[in-house]
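Residues per chain are reported as follows:
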Amino acid sequence: MNSPLKIAIAGLGTVGGGVVKALTSRHAALAAQAGRGIEIVAVSARDTKKKRDFEVGNWVADPMALASGDADVVVELIGGEEGVARKLVEAALENGKHVVTANKALLAKHGKRLAELAEKNNLQLKFEAAVAGGIPVVSILREALIAHGVDAVKGILNGTCNYILTEMEVSGRGFAEVLKDAQAKGYAEADPTLDIGGGDTAHKLALLSSLAFGTAPDLANMKVEGIEQITAADIGFASEFGFRIKLLGVARQTSSGIDQRVHLAMVRARTPLANVDGAANGVVVDAGEAGSFFFSGRGAGEAPTASAVVSDIVEIARGSFGPVFGRPAASLKTLVPADSGAALSAYYLRFEVLDVPGVLAEIAGRLSEANVSIESMIQRGRAPGESVAIVMITHESPQYAVERALKAIAASDKVRARPCMIPMEAA
Ligand SMILES: NC(=O)c1ccc[n+]([C@@H]2O[C@H](COP(=O)([O-])OP(=O)(O)OC[C@H]3O[C@@H](n4cnc5c(N)ncnc54)[C@H](OP(=O)(O)O)[C@@H]3O)[C@@H](O)[C@H]2O)c1
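As the structure is a computational prediction, the values presented were derived from the model and not from experiment. (Residues numbered from 1 in each chain as written. Predicted model: local features only at pLDDT ≥ 70, side-chain atom pairs only at ≥ 80, totals over all residues.)

Draft legend 1. Up close: the site of the ligand. Every one of the 24 residues lining the ligand counts as a neighbour, but G11, G13, G79, A102 and A300 are closest to it. When residues of the shell around the ligand are assigned to their parent elements, the largest contribution, three residues, is made by helix α1 (residues 14-25). For the shell around the ligand, the per-class residue count stands at ten nonpolar, ten polar and four charged. (Near = placed C-beta within 6 Å. Helix = DSSP H or I, 4+ residues; strand = E, 2+ residues; numbered from the N terminus. Nonpolar A, V, L, I, M, F, W, Y, C, P; charged D, E, K, R; others polar.)

Right, here's the structure in full:
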């Protein structure tokens, strides 16, 4: 057998701990699969006194020292797009060490530059765990589904959001209450902003888009929306129309460029993405003539994420090398954004209106003026002089036409709140 691969791990939290446990408990099996042993030669984290549920030696106080130690691979599991994580990854690549990371924030922001640095020094920079946890979607886009190109990649990429939306649907409770419950159960962070605001999905989508379309990861040209505005009423109406509401990351090649967006979408019930429940993740890849493929599984947590990190380490141990984003980093193109306003979609619209004669005619008139036609409508109950909901599904229309109509409708004195507009996604 070849000499063992020496690895240094920075960060011993949820993911780092899982990696240590997997490498320790499956040491012999992984060595057999890699063709050589894998040895942890150094570890580092912030608090040396913290109680951890695994044994590990060779502590190094300063994680930066791992970049100049005798490891072949530095495994960065600290997190954050700047700070120590970024410095460590850069220093490791400059010092001739391969890097494995789960850090989507870092790669979404600095991916092209770091990939160029790795490739210039003939090193690997692997990040399977950065997107969709245990689902091997990075390898799928980088190595497997390449023969016919990719038309679109879309998915449920944030387990916290999907858990909240699923719970709201099952229990009929509102967003704030379900979020609080999710925090108590450990499904949402104390500061949930990055998850519920769509930022975490955006980081992952930037990486998927880059792998799919050969562009540098680009967060600037991405429309990002979170889930805070969703109401139990919208979830209920969606279900009446035969849909479920999901937070999707969607990257699509169009004739005018690449459309990247993170948004709430109506997904037809019984399609694969609609059936991704709770904290799970799901990804659909439309791979040209090869067809459409769907992958689902656990997108976060100790074991699924460690599974992806360990697969990267074993690939490096095997000497299985390729460019970081599936093509030379220097050739990654600048993303040309699509004219997203022109994109055609059907929409779910909800209006909170005063129940007075003529209100429905006014809404229908504004939609008609913008050439938006209505496919179906629900108006439930009567409350003369009070607020009621009118809900519609439109036929396919350009986004800007629907937005124009909604702006005019919102200006009416019969409309009590900002209209809600959710695109329908053919999953
Ligand atoms: N958790 C998941 O399910 C998941 C899934 C996919 C990707 N990821 C990514 O994986 C990475 C790690 O996430 P995690 O959930 O494992 O985080 P975590 O549980 O918060 O662990 C972070 C680790 O980094 C250490 N650390 C923090 N700041 C440090 C510093 N300045 N110097 C040295 N060590 C420092 C912490 O040390 P102490 O233990 O001493 O505090 C801890 O061991 C992130 O990039 C995250 O986005 C996580």
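Draft legend 2. The sheet that holds strand β3 (residues 73-76), seen in detail. The sheet built from five strands is open, its strands ordered β2-β1-β3-β4-β5 with parallel pairing. Across the chains shown, the open sheet's two edge strands, defined by having one partner strand only, are β2 (36-44) and β5 (125-126). Pairing of strand β1 (residues 2-10) with β2, which is carried by seven bridges, proceeds in the parallel orientation. For I7, the partnering residue across the bridge sits in β2 and is I40. Along the sheet, helix α3 (residues 83-94) makes contact with β1, β3, β4 (98-101) and β5, crossing β3 at roughly 165°. (Pairing = 2+ DSSP bridges. Contact = placed C-beta atoms within 7 Å. Axes fitted to C-alpha atoms, helices over the stretch in contact; angles between N-to-C directions.)

Draft legend 3. Geometry of unusual backbone geometry. A positive phi angle is found at N122, which is not glycine, with a value near 55°. Its location among the elements puts N122 in the loop between α4 (104-120) and β5. Given 9 C-beta atoms within a 10 Å radius, N122 is considered exposed. Its identity as a non-glycine residue notwithstanding, N371 has a phi of 65°, on the positive side. Here N371 is to be found in the loop between α12 (359-369) and β14 (374-379). For N371, a count of 13 C-beta atoms within 10 Å puts it in the partly exposed group. (Buried ≥ 20, exposed ≤ 12 C-beta atoms within 10 Å, placed from the backbone.)

Draft legend 4. The arrangement of the packing of helix α5 (residues 137-144) against helix α9 (residues 199-213) in detail. Between α5 and α9, the least distance of the axes is 9 Å, while the angle of their chain directions is 15°. It follows that α5 is roughly parallel to α9 by the angle criterion. The interaxial crossing formed by α5 with α9 has left-handed handedness. Residues V137, V138, L141 and R142 of α5 form the contact with α9, whose own contacting residues are L208, L211 and A212. Looking at the contact of α5 with α9, its residues break down into six nonpolar, no polar and one charged. (Parallel < 35°, antiparallel > 145°, perpendicular 65-115°, else oblique. Left-handed = near helix turned anticlockwise from the far one by under 90°.)

Draft legend 5. Just the environment of H263, in detail. Mapped onto the elements, H263 comes out in strand β9 (residues 257-268). With residues up to four places along the chain from it excluded, the contact list for H263 reads K223, E225, L248 and P423.

Draft legend 6. Region of the structure containing the domain arrangement of the chain. Its domain assignment divides the chain into domain 1 (2-134 + 304-331), domain 2 (141-298) and domain 3 (341-425). Spacing between the C-alpha centres of domain 1 and domain 3 amounts to 51 Å. (Domains from an automatic or database assignment.)

Draft legend 7. Inspection of helix α7 (residues 175-184) at higher detail. Taken as a whole, α7 has its buried residues at V178, L179 and A182. In a view along the axis of α7, the buried residues occupy a sector of 105°, so they form one face of it. Along α7, the residues that are exposed and aim more than 90 degrees away from the buried face are A176, K180 and A184. Tucked inside the fold, the buried residues of α7 contact α6 (159-171) and α8 (193-196). Looking one or two residues past α7, G186 carries a phi angle of roughly 85°, positive in sign. (Arc of directions from axis to C-beta.)

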